[in-house]
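Structure assessment
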Amino acid sequence: MSERLDGKVAVVTGASRGIGLATARVLSERGARVALIARTRSALDDAVATIGDAAFAVVADVSDPDSVRAAFAEIERDAGRLDLLVNNAAIARLHRVEDASDEDLAATVGTNFLGVLYCTRAAIPMLRASSGVVVNISSEGVRRPFPMLSVYLATKGAVELISYALGEELRADGIRVTLLRSGASTGGFAQDWDPEEGRRALELWKERGLLDFAGMPMPPEVIAESIVHAATRPPGVGVDLLEVRSSTPFPRHSD
Ligand SMILES: NC(=O)c1ccc[n+]([C@@H]2O[C@H](COP(=O)([O-])OP(=O)(O)OC[C@H]3O[C@@H](n4cnc5c(N)ncnc54)[C@H](OP(=O)(O)O)[C@@H]3O)[C@@H](O)[C@H]2O)c1
């Protein structure tokens, strides 16, 4: 079965690095034109430059409904259609709930959960016209919650529920919704963590057996390939859930 996307248009949020950038790159290699969304213009321009002509940058903050509305209006004007929305943008700050600031809570829920709602809402009219696909990215941590990432993981739990609910709500429109539950990926949000806090969190997770559960991080391209698979099923075939996790054990000797 073909996994080509020639003539299709995709939007990937959080596409300036990590899983989002890998996804945008693989989608473009399969023939799609891809709008890359993120907040930081310079990083986004660099990302687009690595992909080439099939990619274009749309600066937007997914946690801001006006910014999202403007972004999707721009995409409709420029590309004229939309076949695939990948809700990938997320933040994962390390803190205990007790220590989270008001801003930590609002930014995490705003980006990771409301961002999915704002982007999906804005995309639905174009996706209805193309019998398109929405792919929402969750985390394996919903199955074995990692302390210090509770708020992040709670937003992923909400993303999981809204994915199934949206799948039902949009079925009659021919729009399919895939939930992709991802295991640990190399690079990614951990690079924003304070090294000392990151080290303490790793110790805690190791003690609790959570690193054994997660295994060695996978290259982001592995996740990107699974997104392409979900996006290229024929009309009438939906991939409701994909769980892609590392099967390589975390080395016991590493501290
Ligand atoms: N990395 C992992 O091990 C892992 C494991 C399981 C699941 N996941 C999930 O996979 C997805 C990608 O993770 P990642 O680690 O690849 O992410 P990442 O490297 O931290 O990249 C996050 C991207 O999102 C953008 N972003 C952040 N806030 C945004 C906002 N408000 N509006 C628009 N863009 C925003 C960032 O750019 P700007 O900051 O410039 O906006 C960046 O492009 C996330 O949904 C994450 O939960 C990751």
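For the structure given in this document, a descriptive report is provided here. Note that the structure is predicted; figures quoted are calculated from it, not measured.

Now for the sheet that holds strand β7 (residues 241-244). Across the sheet, seven strands lie side by side as β3-β2-β1-β4-β5-β6-β7; this open sheet has parallel pairing. On the outer flanks of this sheet lie β3 (55-59) and β7, each paired with one strand and no other. Taking each pair of neighbouring strands and ignoring which way they run, the sheet shows an average axis angle of 20°. Where strand β5 (residues 133-139) meets strand β6 (residues 176-182), seven bridges bridge the pair, whose relative direction is parallel. When the bridges of β6 are listed, serine 139 appears paired with serine 182.

The terminal C-alpha atoms of helix α1 (residues 18-29), which comprises 12 residues, lie 17 Å apart, in line with the 16 Å expected from a rise of 1.5 Å per residue. Within α1, 11 of the 12 residues are buried, which leaves it mostly tucked inside the rest of the structure. Every buried residue of α1 is accounted for by Gly18, Ile19, Gly20, Leu21, Ala22, Thr23, Ala24, Arg25, Val26, Leu27 and Ser28. Looking one or two residues beyond α1, the residue adopting positive phi is glycine 31, at roughly 110°.

Residues spaced three or four apart along an α-helix face the same direction, because each turn holds 3.6 residues. Between the first and last C-alpha of helix α5 (residues 150-170) there are 30 Å, a value that for 21 residues agrees with the 30 Å anticipated at 1.5 Å per step. Taken residue by residue, α5 has Val151, Tyr152, Leu153, Thr155, Lys156, Val159, Ser163 and Leu166 as its buried positions. Residues of α5 that are buried make contact with α4 (102-130), β5 and β6.

Let us look at the nonpolar core. One broad rule of soluble globular proteins: the nonpolar side chains tend to lie buried together. With 72 residues, the main nonpolar core has Val11, Leu36, Ile37 and Ala123 as its most contacted residues. Tallying contributions element by element places α4 first for this core, with nine residues. When neighbours within four sequence positions are excluded, alanine 123 is seen to be in contact with Val11, Phe72, Leu82 and Leu85.

All right, on to the packing of α1 against helix α8 (residues 220-231) then. The interhelical angle for the contact between α1 and α8, taken along N-to-C directions, is 50°, at an axis separation of 8 Å. Between α1 and α8, the angle is such that the two are oblique. Between α1 and α8 the crossing geometry is right-handed. Taken together, the residues of α8 that come into contact with α1 (itself represented by Gly18, Ile19, Ala22, Thr23, Val26 and Leu27) are Pro220, Glu221, Ile223, Ala224, Glu225, Ile227 and Val228. In terms of residue class, the contact of α1 with α8 is made up of nine nonpolar, two polar and two charged.

Rules behind the numbers
Residues numbered from 1 in each chain as written. Predicted model: local features only at pLDDT ≥ 70, side-chain atom pairs only at ≥ 80, totals over all residues. Pairing = 2+ DSSP bridges. Helix = DSSP H or I, 4+ residues; strand = E, 2+ residues; numbered from the N terminus. Axes fitted to C-alpha atoms, helices over the stretch in contact; angles between N-to-C directions. Expected span 1.5 Å × (residues − 1). Buried ≥ 20, exposed ≤ 12 C-beta atoms within 10 Å, placed from the backbone. Contact = placed C-beta atoms within 7 Å. Core = buried A, V, L, I, M, F, W, Y, C linked by C-beta atoms within 7 Å. Parallel < 35°, antiparallel > 145°, perpendicular 65-115°, else oblique. Left-handed = near helix turned anticlockwise from the far one by under 90°. Nonpolar A, V, L, I, M, F, W, Y, C, P; charged D, E, K, R; others polar.

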